[in-house]
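Okay, here's what each chain looks like letter by letter:
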Amino acid sequence: MRYISTRGGIPPAGFSDAVKMGLARDGGLLLPFRYPDVRDRLAAWRSLAYPELALEIMLLFTDLPRAVLQDLLRRSYGVFDDASVTPVVPAGPLFLLELFHGPTLAFKDIALQFIGNLFEYLQPPNAPALNVLAATSGDTGSAAIHGFRGRRGMRVFVLHPHGKVSPVQERQMTTVLDENVFNLAVEGTFDDCQSIVKRLFEDLPFRDRYNLKAVNSINWARLLAQVVYYFYGVFRVMEATGAGRVRVSVPTGNFGDVFAGYVAARMGAPIDRLIVATNENDILVRFFETGIYERRRVCSTLSPSMDIQVASNFERYLYHRVGGCAQTVKRLMQAFAADGRIVPETVAPGPGDPLFRARRVQRAETLDTIRNLYERHGRLVDPHTAVGAAAALRENGDGVPVLCLATAHPAKFGEAIRAAIGRDAAHHPRIDALQGLPTRMEVLPACAKAVGDCIGRHVRCEKEGAEAARAGRNKAARPPRPA
Ligand SMILES: *Cc1c(COP(=O)(O)O)cnc(C)c1O
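Being a predicted model, the structure only gives us computed values, none of them experimental.

A. Summary view of the side chain of Asp109. Along the chain, Asp109 turns up in helix H5 (residues 108–122). Here Asp109 occupies a buried position and makes no salt bridge, while the nearest side chain of opposite charge, Arg430, is found at 6.4 Å. Engagement of the side chain of Asp109 in a polar contact is seen with the backbone nitrogen of Leu105, the distance being 3.2 Å. Apart from residues no more than four positions distant in its own chain, Asp109 is found in contact with Phe80, Gly102, Pro103, Thr104, Phe114 and Ala143.

B. Molecular detail of the site of the ligand. The ligand sits among 15 residues. The nearest are Lys108, Asp139, Thr252, Asn254 and Thr407. For the ligand, the accessible surface in isolation is 390 Å², of which the surrounding protein chains cover 98%. Taking a 2 Å distance to the grid points as the criterion, the majority of the atoms of the ligand fall inside the largest cavity. A class-by-class count of the residues in the shell around the ligand yields 5 nonpolar, 7 polar and 3 charged.

C. Structural view of the sheet that holds strand S5 (residues 130–135). Overall, parallel pairing links the 5 strands, which are arranged S8-S5-S6-S7-S15 in an open sheet. Each of the sheet's edge strands pairs with one partner strand only, and the pair in question is strand S8 (212–214) and strand S15 (442–445). The average angle at which neighbouring strand axes cross in this sheet is 30°, direction not considered. Here 4 bridges tie strand S7 (residues 181–187) to S15, and the two strands are oriented parallel to one another. Bridge pairing links Val186 to Leu444 in S15. Across the sheet, helix H8 (residues 190–202) is in contact with S5, strand S6 (154–161), S7 and S8; its angle to S5 comes to roughly 150°.

D. Quick look at the pattern of salt bridges. Following the criterion strictly, the structure yields 26 salt bridges and no others. Salt-bridge contacts for Glu462 lead to Arg155; the nearest nitrogen and oxygen are separated by 3.1 Å. Of this pair, Glu462 sits in helix H19 (residues 448–477) while Arg155 sits in strand S6, and the two are 307 residues apart along the sequence. With a relative accessible area of 36%, Glu462 lands in the partly exposed category. Since its relative accessible area comes to 7%, Arg155 is described here as buried. Note that Arg341 and Glu294 form a salt bridge whose closest N and O atoms lie 3.5 Å from each other. Remark: Glu294 occurs in strand S11 (residues 293–294) and Arg341 occurs in strand S12 (residues 341–342); sequence separation between them is 47 residues. What makes Glu294 partly exposed here is its relative accessible area of 26%.

E. Just the pairing of strand S9 (residues 246–251), in detail. Most of S9 sits out of view: 6 of its 6 residues are buried. Across the two faces of S9 the burial is the same, with Val246, Val248 and Val250 and Arg247, Ser249 and Pro251 all buried. The pairing of S9 with strand S10 (residues 271–278) spans 6 bridges and is classified as parallel. Bridge assignment links Arg247 to a residue of S10, and that residue is Arg273. Note that the unit made of S9, helix H11 (residues 256–267) and S10 has a crossover that is right-handed.

F. Region of the structure containing empty space enclosed by the protein. Taken as a whole and judged by the stated rule, the model has 2 cavities of 30 Å³ or more. In this structure, the largest cavity encloses a volume near 260 Å³. When contributions to the lining of the largest cavity are tallied by element, the ones reaching two or more residues are helix H6 (139–148), helix H10 (220–241) and H11. Split by residue class, the lining of the largest cavity holds 7 nonpolar, 13 polar and 4 charged. When its volume is computed, the second largest cavity comes out at roughly 30 Å³. Here the lining of the second largest cavity is composed, by residue class, of 3 nonpolar, 5 polar and 2 charged.

G. Examining the sheet that holds strand S13 (residues 356–360) more closely. Read across the open sheet, the 6 strands follow the order S3-S4-S14-S9-S10-S13; overall the sheet is mixed. What marks the edges here is a single partner per strand, and that holds for strand S3 (88–91) and S13. Recorded for the sheet is a direction-independent mean angle of 30° between the axes of neighbouring strands. Relative to strand S4 (residues 94–98), S3 runs antiparallel, the two being bridged by 4 bridges. Note that in S4 the partner of Ala91 across the bridge is Leu94. On top of the sheet, H11 reaches S9, S10, S13 and strand S14 (402–406); it is set at about 170° to S10, its chief contact.

About the criteria used
Residues numbered from 1 in each chain as written. Predicted model: local features only at pLDDT ≥ 70, side-chain atom pairs only at ≥ 80, totals over all residues. Heavy atoms only, no water. Helix = DSSP H or I, 4+ residues; strand = E, 2+ residues; numbered from the N terminus. Buried < 20%, exposed > 50% of the residue type's maximum accessible area, 1.4 Å probe, protein only. Lys, Arg positive; Asp, Glu negative; His and termini not counted. Salt bridge = Lys/Arg side-chain N within 4 Å of Asp/Glu carboxyl O. Polar contact = N/O pair within 3.5 Å; in protein donor to acceptor, adjacent residues only side chain to side chain. Contact = heavy atoms within 4.5 Å. Near = heavy atom within 4 Å. Areas by Shrake-Rupley, 256 points an atom, 1.4 Å probe, with all protein chains shown as cover. 1 Å grid on protein atoms, 1.4 Å probe; cavity = no way out; pocket = protein on both sides within 12 Å on 5 of 7 lines; lining within 4 Å. Sits in = over half its atoms within 2 Å of the grid points. Nonpolar A, V, L, I, M, F, W, Y, C, P; charged D, E, K, R; others polar. Pairing = 2+ DSSP bridges. Axes fitted to C-alpha atoms, helices over the stretch in contact; angles between N-to-C directions. Right-handed = clockwise from strand over helix to strand, strands pointing away. Points joined across faces, edges and corners; volume = space filled by probe spheres on them.

Put into structure tokens, the structure is as follows:
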């Protein structure tokens, strides 16, 4: 499979190069040049276990040997605490696809466990160390840290908005004390963190000097790993209900997870509709309702991992929406950077996309949904999942079963659970164990230069340390001179 940039400025790249590139060198995002049609394989795929299904899907998009990919997948999903990796469970009128059985209890593990193993495989022995750089609204950071901690020849730098992630999310990151893990708390919003990361990647000399790698959902490998569970979840709901098509509700911020659903649908997964569910930060809902994509101020909500007003993966969808014209994408994204507003419908007029329905879910409805699912159906869901479930309940009733992506374990968001049901019902032993552990992080101003300098300092400091250690060893190894 060959990959192209949404802005048309790079020669087609293979999978490994696309993954290593992360953000395309022309500032665009990478996309496969076409989506394979898998409709004639669906029947055979329905009986596959998760890692086997992942293997078949990923082979269509990668240039890795089958045995290598199989081994990477076995190791990546062997650490999940449920044998089916992403189990589907009923919740009253809905189905939940539980994506939180990985090490950090959020769906980001599904991609980042795989990416950690993939990068290790792609890294030639004795190559200069690579530096993974990620911005997080909470969950990507800990998943990236757990995907890369302790790996040789790799450092991971994670930017989170200082004081704006949940206390549990913060502890999941800052209690990891491995030497190759650096938590940078930025005095700003998640959008600031994301734009700093983007700026550093766009600084090509900096990017090359430090061998920077992206693991945000701008990296195609993340979306590819997520495509798998759409097929897996839809198959389970079809088995349970006998339905021929399934509707999927996706709580979203960066349009990453739901773009993976779009890819699955383009490949022929029996998805009837994708429900784009947002919290009060509703740029995506406004776009699907009005055709205008316009940035507003970010506000803090019960679902912090979706407190985003600039959805980094929207550009991938925009590319398809304007008929695959890279020049138009480039022009529109430049206009968005300048004015915070674009109207893609002016270049590709026509009816909206029937695959999508977008719904905004506010605080009160989120809390009600948590309470109702718990009291009536015995399912405790986290506030992100609740946003998707609330949207799904509005789109339910015409006989098509609805699958809601359950993106995090409720124990990650204990305060929201307390607010909803009045007591502290959400626990997980791995979360409880974080209390009182030592932590490490650095606070930095929201400015790309400060972050760039900080990365440079750590890399230099480690090099000097290694050289000093080598020099010390050499000295010690020299036989004592006779007196
Ligand atoms: C990241 C995240 C989301 C949003 O995913 P996007 O890919 O940004 O749309 C939703 N829920 C949880 C728990 C998350 O961590």
